[in-house]
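Coordinate inspection notes
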Amino acid sequence: MELWALLYKLDDPAHLEAPQGFDWNAARRQFDCLVARLNTAFQTTCETDRSIEDASYHAEVTVPADATATGGNLVVRVSNFGNLAVLALENPGAYDQEEFDALVHESDLTRIYECLDEGDYTLVAEAPLWEPYDGRVTAWVFLSSKPSWWIRYFDYL
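The present account deals with the structure reproduced in this document. Since the structure is predicted, the reported quantities are computational estimates derived from the model, not experimental observations. (Residues numbered from 1 in each chain as written. Predicted model: local features only at pLDDT ≥ 70, side-chain atom pairs only at ≥ 80, totals over all residues. Heavy atoms only, no water.)

Quick notes on unusual backbone geometry
Phi is positive for Glu90, which is not a glycine, with a value near 70°. As for its position among the elements, Glu90 is in the loop between β4 (84–89) and α3 (97–103). Residue Glu90 is classed as partly exposed on the basis of its relative accessible area of 29%. Within the chain, Asp120 stands out as a residue other than glycine whose phi angle is a positive 65°. Mapped onto the elements of the fold, Asp120 is located in the loop between α4 (106–118) and β5 (122–124). (Helix = DSSP H or I, 4+ residues; strand = E, 2+ residues; numbered from the N terminus. Buried < 20%, exposed > 50% of the residue type's maximum accessible area, 1.4 Å probe, protein only.)

Right, here's the structure in full:
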């Protein structure tokens, strides 16, 4: 499915942090399996942030720089919506798509893509998510001076 169609489809104005019927325990098991796959794929122990509250994302895992061919930390953040995942170099928002493409080693991408695919995640590019939010939620957008699709699916609300 095309990115924008998917983002609009998942956008639910009545449920800001997670979609109706969201199974937190299942999402945590899915995330923990992703972390285990990344640990194996990169032969390391990845750092995780599982203590997320008041956000539209579930958790984040960082593959440490010394385990990558890229030589930089690779960060995977998973959303509470639609099994969406995003991959960033160092930190979300640190690099634009052109810089990301030039800096991240293909072998690292292959390993991460395989781990995400095995976990039934849908990887979305980070860059388009920084576009202004124009979805169906109206109440929460006033909390940010520049609401974006990133905030809608991958940030604190």
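Considering helix α2 (residues 24–42)
Because the α-helix completes a turn every 3.6 residues, residues three or four places apart line up on one side. Between the first and last C-alpha of α2 there are 27 Å, a value that for 19 residues agrees with the 27 Å anticipated at 1.5 Å per step. Three or more residues of α2 are buried, namely Ala27, Arg28, Gln30, Phe31, Leu34, Val35, Arg37, Leu38, Asn39 and Phe42. The elements touched by buried residues of α2 are β1 (47–49), β2 (57–63), β3 (74–79) and α4. With a side-chain oxygen positioned 3.2 Å from the backbone nitrogen of Asn25, the residue opening α2 is Asp23. (Expected span 1.5 Å × (residues − 1). Contact = heavy atoms within 4.5 Å. Polar contact = N/O pair within 3.5 Å; in protein donor to acceptor, adjacent residues only side chain to side chain.)

Observations concerning the environment of Phe100
For Phe100, the location among the structural elements is in helix α3. Look at Phe100 and you get buried, because its relative accessible area is 9%. Spatially, the C-alpha atom of Phe100 lies 9.7 Å from that of Leu87, the residues being 13 residues apart in sequence. Residues within four places of Phe100 in sequence aside, it is in contact with Leu87, Ala88, Leu89, Tyr95 and Leu109.

A look at the pairing of β4
Counting buried residues along β4, six of its six residues qualify, which places the element largely inside the surrounding structure. Here β3 runs beside β4; their pairing, made up of five bridges, is antiparallel. Counted as the bridge partner of Leu74 is Leu89 from β4. The antiparallel hairpin formed by β3 and β4 contains four residues in its connecting segment, where Gly82 sits at a positive phi of about 60°. Pairing analysis gives three bridges linking β4 to β5, with the strands arranged parallel. Looking at the pairing, Val86 lines up with Val124 of β5. (Pairing = 2+ DSSP bridges.)

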